[in-house]
There are 2 protein chains.
Amino acid sequence: MSEHINGAVLVGAQECRPSGSFHAIEAVSGQVMQPAFCEAGASEVDAACALAAAAYPVFSELAPEARAKFLETAATAVESLGDTLIVRAMAESGLPRARLEGELVRTVRQLQLFAQVVRTGEWIDATIDTAQPQRTPLPRPDLRRRNVALGPVVVFGASNFPLAFSVAGGDTASALAAGCPVVVKGHRAHPGTGELVARALRRAVESCGLPPGVFSYLPGTTHALGSALVADPRIHAAGFTGSRGGGKALMDVAAARPEPIPVYAEMSAINPVILLPAAARARGAELARAYAASLSMGAGQFCTNPGLLIAIDGPDLENFLGAAGAAVQAIAPQPMLTDGILKSYRSGVAALAANPAVTRVGQGQGATEGRLASAALFATQAAAFKSDPALSAEVFGASSLVVRARDDAELEQLISGLEGQLTATLLFDAKDEPLVARLLPLLQRRVGRVLANGWPTGVEVCHAMVHGGPFPATSDTRTTSVGTLAIQRFLRPVCYQSLPDSLLPPALRAANPWKLPRRVDGVRQSAP
Amino acid sequence: MSEHINGAVLVGAQECRPSGSFHAIEAVSGQVMQPAFCEAGASEVDAACALAAAAYPVFSELAPEARAKFLETAATAVESLGDTLIVRAMAESGLPRARLEGELVRTVRQLQLFAQVVRTGEWIDATIDTAQPQRTPLPRPDLRRRNVALGPVVVFGASNFPLAFSVAGGDTASALAAGCPVVVKGHRAHPGTGELVARALRRAVESCGLPPGVFSYLPGTTHALGSALVADPRIHAAGFTGSRGGGKALMDVAAARPEPIPVYAEMSAINPVILLPAAARARGAELARAYAASLSMGAGQFCTNPGLLIAIDGPDLENFLGAAGAAVQAIAPQPMLTDGILKSYRSGVAALAANPAVTRVGQGQGATEGRLASAALFATQAAAFKSDPALSAEVFGASSLVVRARDDAELEQLISGLEGQLTATLLFDAKDEPLVARLLPLLQRRVGRVLANGWPTGVEVCHAMVHGGPFPATSDTRTTSVGTLAIQRFLRPVCYQSLPDSLLPPALRAANPWKLPRRVDGVRQSAP
């Protein structure tokens, strides 16, 4: 389907054209792209939130089948954008075609997966405790509980996943699945991509006959826009993927509201990889090459990029570092998502290079000027790492730091000193397993996902995935932003006591018209 | 079992006697009770948190059967305190014997119910997505997810439930069930009751051979003690029942930590009752008597006390008010939990009485001086209620306010203007049902539990219960503090990718040694 980008703010079914504007920048060339995009302001925030609040009572009470169909319609609409979308996203993000084609498939399948989840009805958690009128000393009333959508949700598009974690990405899909209308604050780096996807979602809303406020798209470049959305009393939760500073600022806005709301911010992580001795000895060179490939994939612009590798010092680590350095040296320079990200990457790499406690292990191809970023690999000693917090800071991009531990005890110390992370990866052979068994309890306290003999880049969208972790990796370690569990973030339980059957929501009626799995008097019953 | 109260701080298996001390006050007489209780300070906080952190790795990984047995052992230990506990709790709280005997049964059954919940293993949410090595373009790795305990939890004892929501109450039971070691900050109003229960829990920890840090008891009177516990980096969540000011202060401490943690604060509510026209006409007098009984039960010292009744003005409401006023006049004065609560109740009632927009409908027996509180019932117009926020403030105790609405539209306006509440109650007859259907969506957005033709006092501990609601009723509308769902507050998901079976936690191993219900490739499987 061919689709026109006109730079409007999409408030429900309306197009608004406030006066301020900005442009997308072509990532590879630095050229200004057309058209101009309107800057959403206070009046668009107000209008979008009002429409979302108006849509909530209908959208949140849709039967599962109707909401699932909407998600599938949205998936088809996004998929049908096809090459128009891919070409625009390539220009705005600098990401290669194959990556964006894969990301589009993920985005579409994610919406379809949530449609399946919605149909199961398990997320409603319908729970019935029947009345016991004869109970002594007091009778028990009839009590029925279900989950309902929190309310309208604001979603912040992410720079590094212009499709799978932006306008129709994981946060949007899981919030819509829960029954929450969504207002997207579009990312300034890919406004055309965002508008194309937003128009597809809007068509899905319309063709399913849903209230227009189910979805709005507000492009903009200011912090004020994001803050205004999180502060709006009609917004009941926020989903964010981005920097630690940005996430923390939104958490503060949310906590200062008269009625605080949850902010699901996925912020920063260095995703430690622990290389264990037997693995380093047996297949150090092979692991080194895989490490270089993982840290530089997508110019290192993944939340789960391995920014840290910890290993026990000695000849095996030297060999590993030699091979890793050589592999990094072969890596071609890559464009980054934005000028700001490129600049920030270079200053992070320069700070590591200038740190007297850090040595450079490998430097990718390409200069340190121009519009392409070159990969970088550094190493340091455990003592320096422990004493200098700057060495634990995320350098977003294709850079990683190897920390040399003296022995097992120092390895454990280093792990115990880590902040919250999205992932931890263990590279080990059978002989390492006793040490792995000791490290696992330490690691699982600090991360959402523990990997064995793999690489953290590549996040599967499935039921068992946890893309989360303790602060500062995310703002809420009790949840995930990828995978079907993400729907839980946007629900709250409500209990109904002694309500006549005709007044109960369908999910809790005696006849179970939605054919839900339910828990009755503590016993789980399958869907009829 | 007879049991000695000696006023010590119980840090794991140790008894500490820091220098500061305070005394319990007999609620009815105002007399100082013996012995003196030590004030827990910074060094006890440090020691208790260190022990809790040390206990966590063992306690959180116990097999469900072992943790269930511990909860049952704790239930038996608390139950065996018998009359020693009841007599001390009566003296410290002023609550009558029958009420405390009932509360002890609830406390014991609550621990037993959580033992059952732990045994089902459903809370682990074991979820397995098997590997698809042949998948294209990329193979899918083996991914397995389970819930683990957040970490050590601090629980604040509540003044109004010295047993069921204090040392071994709902927060403690659900946190222990999840696998979190618990540090209780004992309430100053019932330190002897608290110590008796704490000693019982300690015996259960010991007799089950668990690490002593699974439970500690820190009595004290200062805000500094509570803040220090919430700020301690080894604490991972807090459970609190009390005032809005107290809850908000702890939320702020938690949000300001380097690593913020969840605070589950159950704070204040006025629990609106909506009296609908046909019910008012058909059985106004009967409902009026039940209202007076509910608002004065336990001297009105329930979180779910009906502090507000909204009805449409007219002769039927006049008749209702006449009957309610008469019923309130017959209510005997009652002791309150503490001098502070009594004083605060009297000042709340005095403010209502002095408000020119408020009329007094009924005044219970007893003077406004001395140590007993008398019930009070007031009425006002909708316009006054909407314009004066002071009329929406909770008066903790046996006082309630009736608001006269002009018509259905004003009734809806009043409901839409309410803050978050624990409960809303609808009193209606069949003819009222169309209006009830319109009000339900408004009410369920503002409350955790909607009741039909009952009274909100009396909270069943069961699977379907929600004792929660939007801020300021609680700090987190996504949860409940009563009922089995409360265990979810203290869990977080962790994912394991490609881990060899022998290194996986038992919950996720191929052989399913804990015989858990699991979700495999999206399909729910019953326990084998």
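A short tour of the structure in this document, coming up. On a predicted model such as this, the values are computed, not experimentally measured, just so you know. (Residues numbered from 1 in each chain as written. Chains lettered and ligands numbered in written order. Predicted model: local features only at pLDDT ≥ 70, side-chain atom pairs only at ≥ 80, totals over all residues.)

What about the packing of helix α7 (residues 223-231) of chain B against helix α8 (residues 244-256) of chain B?
Residue and element names in this part refer to chain B.
Argument step 1. Axis separation between α7 and α8 bottoms out at 9 Å; the angle between their running directions is 35°. Between α7 and α8 the crossing geometry is right-handed. Along its contact with α7, which presents H223, G226, S227, V230 and A231, the element α8 presents A249, L250, V253 and A254.
Argument step 2. Across the contact of α7 with α8, the residue classes break down as six nonpolar, three polar and no charged. (Axes fitted to C-alpha atoms, helices over the stretch in contact; angles between N-to-C directions. Helix = DSSP H or I, 4+ residues; strand = E, 2+ residues; numbered from the N terminus. Left-handed = near helix turned anticlockwise from the far one by under 90°. Contact = placed C-beta atoms within 7 Å. Nonpolar A, V, L, I, M, F, W, Y, C, P; charged D, E, K, R; others polar.)

A short note on the nonpolar core
Argument step 1. The biggest cluster of nonpolar side chains holds 366 residues, and the ones touching the most others in it are L71 and A238 of chain A together with L71 and A238 of chain B.
Argument step 2. Once residues lying within four places of it in the same chain are set aside, the contact partners of L71 of chain B are L111, F114, A115, V118, A173, L176 and A177 of chain B. (Core = buried A, V, L, I, M, F, W, Y, C linked by C-beta atoms within 7 Å. Buried ≥ 20, exposed ≤ 12 C-beta atoms within 10 Å, placed from the backbone.)

Topic: helix α14 (residues 433-446) of chain B
Count 3.6 residues to each turn of an α-helix, and residues three or four apart come out pointing the same way.
Argument step 1. In this model, α14 of chain B (14 residues) spans 20 Å end to end at C-alpha, consistent with the 20 Å of a helix rising 1.5 Å per residue.
Argument step 2. Roughly 35° is the biggest bend found in α14 of chain B, and it falls at L439 of chain B, with proline P441 of chain B one to four residues downstream.
Argument step 3. Those residues of α14 of chain B that sit buried are V436, L439, L443, Q444, R445 and R446 of chain B.
Argument step 4. Buried residues belonging to α14 of chain B abut β6 (143-149) and β21 (491-497) of chain A together with β12 (272-275), α13 (408-416), β19 (423-427) and β20 (449-452) of chain B. (Expected span 1.5 Å × (residues − 1). Bend = angle between axes of the 7 residues up to and from the residue.)

Things to note about the relation of the copies chain A and chain B
Argument step 1. It takes a turn of 180° to lay chain A on chain B, together with a shift of 0.0 Å along the axis; the resulting RMSD is 0.0 Å. Both chain copies can therefore be described as sitting about a two-fold axis. Residue A255 of chain A of chain A places its C-alpha closer to the rotation axis than any other residue of that unit, at 4.0 Å.
Argument step 2. Most of the interface of chain A is mirrored in chain B, where 100% of its interface residues again form contacts. (Least-squares fit on C-alpha atoms with pLDDT ≥ 70 in both.)

Focus on the environment of P211 of chain B
All names here are of chain B.
Argument step 1. One can find P211 in the loop between α6 (191-207) and β9 (215-219).
Argument step 2. A residue is classified by how many C-beta atoms lie within 10 Å of it, and P211, with 18 of them, is partly exposed.
Argument step 3. Separated by 160 residues in sequence, P211 and L51 place their C-alpha atoms 8.3 Å apart.

Some points on the pairing of strand β18 (residues 399-405) of chain A
Residues and elements named next belong to chain A.
Argument step 1. Counting buried residues along β18, seven of its seven residues qualify, which places the element largely inside the surrounding structure.
Argument step 2. Neither face of β18 is exposed, since S399, L401, V403 and A405 on one face and S400, V402 and R404 on the opposite face are all buried.
Argument step 3. As judged from the five bridges shared by strand β13 (residues 308-312) and β18, these two strands associate in the parallel manner. Among the inter-strand pairings, L308 is bridged to a residue of β18, identified as L401. (Pairing = 2+ DSSP bridges.)

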